[in-house]
Structure formats: structure tokens, C-alpha cells
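What follows is each chain in one-letter form.
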Amino acid sequence: MKAVVITTPGDPQVLQVQEVENPEIGDNEVLIRVEASALNRADTLQRKGLHPPPKGSSPYPGLECSGIIEAVGKAVVRWKVGDQVCALLAGGGYAEKVSVPAGQVLPVPSGVSLKDAAGIPEVACTVWSTVFMMSRLTAGETFLIDFYAWLNYEMRTDKISDSWGSSGIGTFAIQIAKYIGARVFVTAGNEEKLAVCKDLGADVCINYKTEDFVARVKEETGGKGVDVILDNIGGAYFQRNIDSLNVDGRLFIIGFQGGTVAEVNLSGLLARRLTVQAAGLRNRSLENKAAIVSEVEKNVWPAIAAGKVKPVVYKYFPLTEAAEAHQLMESSNHVGKILLIP
């Protein structure tokens, strides 16, 4: 089969399509002929040698895909050859075929094309596990997504321009939080991106270039602050995020684009009973990933079927143009997922 190989750590041009061996499947795995795979920020980090795949996983990038099942392992019960599915991967999505643990496979949601379904598993599992399963965001609460971090983080040699939000995390988080009845706050650096956020359902849109988002959050919440924050900056925004939280507020960190070190006044955590958590998704156990996938199917798939949450796809690239797709992602000049088509 053909797959995108990282020939050496480096810039996007190190991505080359090559002929490689077909993946083998274990007793509890399925083999998927890939219809599409979606880009994620971790793919660009892996390309640079900064985010290696878990031990035993495919060496090729790609953390989610959609396609048709070609073969099933002896112990697989739910899935059969010919099923149209999408899947959460530890790697290997940038290929014509990929093997996947059966517990990380999902049916294509109603109302979504097989191709576009490739852009759902990673963002859905990331947001549902962090914002809902661990931070327990519920109806009536307030939720801040920092689009300064997600959409506009400055591209410099010592920083990584992060487009997870524009690739899907932020756009998905707005929609699912609104679906469950939360009040959603976002920040962004220009009116065009704020308009996108508003169209997706955000209630309070803050231009961080003209306003202090902490002050605006306090103003909009009667001085209380928000209940949950999803953060990808880390150190540079840690104190400001703490200052923006309500009593019993929860900060969840899923990235450190602003560094891993911060000076913080801990009194606010104690006085307001704040919770700070951090986690990734790729290196979790198979059992934990299967539990998250199960919860996503139970809670998110009905929202998609009802048309309340929709995948936002910006552009499709053939597999042979993976380098160009990575260049687009790293430019952050997009809103929505970027898909690769074998």
C-alpha cells in the first residue's frame, strides 16, 4: 500500500508517499481501507521529531480516519467487512490502509459523508474527555475557549503556531457546549474569526487585541468568572486563566504552546476551590480510549444526527500533497479540518 513516510525529521517537504507493507491486524483489531484522514497538530510535531508514536503503533502520521472495513480479527464481534466507519488512531492514518483496535472504531454519524467523517473522532474524543468527562461541564454553566491560543498564536521560530482550534477543536467545542446548554465565551484576534465563532453559536466573542479578556469575562459573569476553561497555551496564560475562573472552576490544559513554566498566585486556587487538570489523548491505554469512544458515541453522535454539531471541513488534499497540507495547517490561515484523500 501507499503511505506518507517521514523520511527524516524536518519541514513539510520531508513527507513522502512511498510503497510500504500492508498493516497486520490482531485478534481484537480491524483493517480499514482509508477513505480520508484528517490533519492534527500532533502530526506536525511528529514530523519534526517532537511527538513520537506510542510503542507498537504505526510509524506513519495520522490520528483519525474514515473508511470501509476490509478485515476483522477473530475476537471482533461488533464490526464486519463492508462497514463504513471512522476511527481514533494512535498513528497510521496517512495511508491507504490502517489497523485499529475495535474499541476505537465508530459508525459514520447519520447525516455525515464517509469522507467528512474522518475529521470527527480526534476532536470529539479530545473535547468530550476533557471538557465533559473530566471537567464535568453541564447545562447552565459558562465555558471559555481561548481562541487567541487556538486560532492566532504567533508563528515564531521558538513557538509553534497552533491551529487545533481552527482545525476542529475550537469549532467542535463551541457546538457541543451549546448543544448541552452551556454559555460559551471565545477570544480571537480579528473580526473575521470572531464572526465564525458567532456563527457556530458562541455567546460572548472577545477581541483580545482590543479588550482584556479577563476583565470582559468578569463583566459578562457579574464578577464571578467562567466555570470551565479549555487551554492550549499553558504557562504564559496560567495566571490569567486562574483569574478568569468562578468558584469551583475547572481549568483543563491540553497543550503548552506558551511554555511549561509559570509563576502563579496560589491563593486563588484555595479561596475559590479551583481544579487544574492536564491530559493528552494519544498515549492513553486502549481501555481508556475505548471508554472515551463509547461515551462519544452515546453523547455526541445524537447531536451530530440532529444537525446540532457539524464537521467543519476547510480543504481536501490528495495524499501526495501531504506537505502542502502541513504548510496550510502551520500557516493557521484556515478555519476547519484539513483532510487527506488517498
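Here is a short report on the structure shown in this document. These figures come from a predicted structure and were not determined experimentally.

Quick look at the overall build of the chain
- Helix and strand counts for the chain stand at twelve helices and 15 strands.
- Taken against the 2.2 N^0.38 rule, which gives 20 Å for 342 residues, the C-alpha radius of gyration of the chain at 20 Å falls within 12% of a compact globule.
- Expressed as lengths along the three principal axes of its C-alpha atoms, the size of the chain is roughly 60 × 40 × 35 Å.
- Evaluated residue by residue, the chain yields a buried proportion of 55% over its 342 residues.
- If you take every contact in the chain between residues at least 6 apart in sequence, the share linking residues at least 24 apart comes to 68%.

A few points about the state of the cysteines
- Overall, the coordinates contain zero disulfides when judged by the stated rule.
- Take Cys86: it sits in no disulfide, and the sulfur closest to it among the cysteines is that of Cys65, at 8.1 Å.
- Here Cys86 falls in the buried class, since its relative accessible area comes to 0%.
- Unpaired in this structure, Cys125 has its nearest cysteine sulfur neighbour in Cys86, at a distance of 8.9 Å.

Digging into empty space enclosed by the protein
- Applying the stated criterion across every chain, the model contains two cavities of 30 Å³ or more.
- Reported here for the largest cavity is a volume of approximately 90 Å³.

Side note on the packing of helix α2 (residues 121–134) against helix α10 (residues 286–299)
- Viewed as axis vectors pointing N to C, α2 and α10 meet at an angle of 90 degrees, and their least axial separation amounts to 9 Å. Accordingly, the angle class assigned to the pair α2 and α10 is roughly perpendicular. On α10, the residues that touch Ala124, Cys125, Trp128, Ser129 and Met133 of α2 are Ile292, Val293, Glu295, Val296 and Asn299.
- Class assignment of the residues belonging to the contact of α2 with α10 gives a composition of seven nonpolar, two polar and one charged.

Section: the side chain of Arg284
- Among the secondary structure elements, Arg284 is positioned in the loop between β13 (275–278) and α10.
- Within the buried core, Arg284 has no salt-bridge partner, and the shortest N-O distance to an opposite charge, that of Glu122, equals 9.2 Å.
- At a separation of 2.7 Å, a polar atom in the side chain of Arg284 contacts the main-chain carbonyl oxygen of Gly280.
- Not counting the four nearest positions on each side in its chain, Arg284 is found in contact with Ser129, Met134, Ala279, Lys289 and Ile292.

Describing the sheet that holds strand β12 (residues 245–253)
- With respect to topology, six strands assemble into an open sheet ordered β10-β9-β8-β11-β12-β13, the strand pairing being parallel. What marks the edges here is a single partner per strand, and that holds for β10 (204–207) and β13. If you compare each strand with its neighbour and ignore which way they point, the axes differ by 15 degrees on average.
- Inspection of the sheet shows strand β11 (residues 226–231) paired to β12 by five bridges, in the parallel sense. Counterpart to Asp231 in the pairing with β12 is Ile253.
- Strands in contact with helix α5 (residues 169–180) are β8 (142–146), β9 (183–188) and β11; relative to β8, the strand with the most contacts, it is inclined by about 170 degrees.

Considering the pattern of salt bridges
- A full pass over the atoms with the stated rule returns 16 salt bridges.
- The salt bridge partner of Glu70 is Lys97, with a shortest N-O separation of 3.3 Å. Here Glu70, found in strand β4 (residues 64–72), pairs with Lys97, found in strand β6 (residues 97–101); they are 27 residues apart in sequence, far enough to count as distant.
- Given the relative accessible area of 15%, Lys97 is considered buried.
- Between Arg183 and Glu220 there is a salt bridge, with its nearest N and O atoms 3.1 Å apart. In this pair, Arg183 sits in strand β9 while Glu220 sits in helix α7 (residues 213–220), placing the two residues 37 residues apart along the sequence.
- What makes Glu220 partly exposed here is its relative accessible area of 25%.
- When salt bridges with common partners are traced through the structure, they connect Arg183, Glu211, Arg216 and Glu220 into a single cluster.

Quick notes on the rules
Within every chain, residues take consecutive numbers counted from 1 along the sequence as written. At least 70 in pLDDT is required for a residue's local features to be given in this predicted model, at least 80 for side-chain atom pairs to be given and counted, and no such filter applies to totals for whole chains, interfaces and linings, which use all residues. As a convention, hydrogens and water are excluded, and side-chain values are obtained from all of the structure's heavy atoms. Think of it this way: any DSSP run of H or I at least four residues long counts as a helix, any run of E at least two long counts as a strand, and we number them from the N terminus. We take the radius of gyration over the C-alpha atoms and set the globule estimate at 2.2 Å times the residue count to the 0.38 power. Think of it in three bands: residues with accessible area under 20% of the maximum for their type are buried, residues over 50% are exposed, and the middle band is partly exposed, with areas taken using a 1.4 Å probe on protein chains only. Contact between two residues is taken to exist if any of their heavy atoms lie within 4.5 Å; hydrogens are not considered. What counts as a disulfide here is a pair of cysteine sulfur atoms lying within 2.5 Å. Using a 1 Å grid laid over the protein atoms alone, points where a 1.4 Å probe fits but cannot get out form a cavity; open sets with protein on both sides within 12 Å along at least 5 of 7 lines form a pocket; any residue with an atom within 4 Å of a point counts as lining. Grid points are joined across faces, edges and corners, and a volume is the space filled by probe spheres set on the points. Here an angle of 0 to 180 degrees is reported between the N-to-C directions of two axes, which are lines fitted to C-alpha atoms, with helices fitted over the stretch in contact. Working rule for angles: under 35 degrees goes down as roughly parallel, over 145 as roughly antiparallel, 65 to 115 as roughly perpendicular, anything else as oblique. All amino acids are sorted into three groups, where Ala, Val, Leu, Ile, Met, Phe, Trp, Tyr, Cys and Pro are nonpolar, Asp, Glu, Lys and Arg are charged, and the leftover types, Gly among them, are polar. Think of it this way: Lys and Arg go in the positive column, Asp and Glu in the negative one, and His and the chain ends go nowhere. Between Lys or Arg on one side and Asp or Glu on the other, a salt bridge is scored when a side-chain nitrogen of the former is within 4 Å of a carboxyl oxygen of the latter. Polar contact criterion, stated in full: a pair of N or O atoms within 3.5 Å, where within protein one must be able to donate a hydrogen and the other to accept it, and residues adjacent in sequence count only if both atoms are side-chain atoms. A pair of strands counts as paired when DSSP detects no fewer than two bridges linking them.

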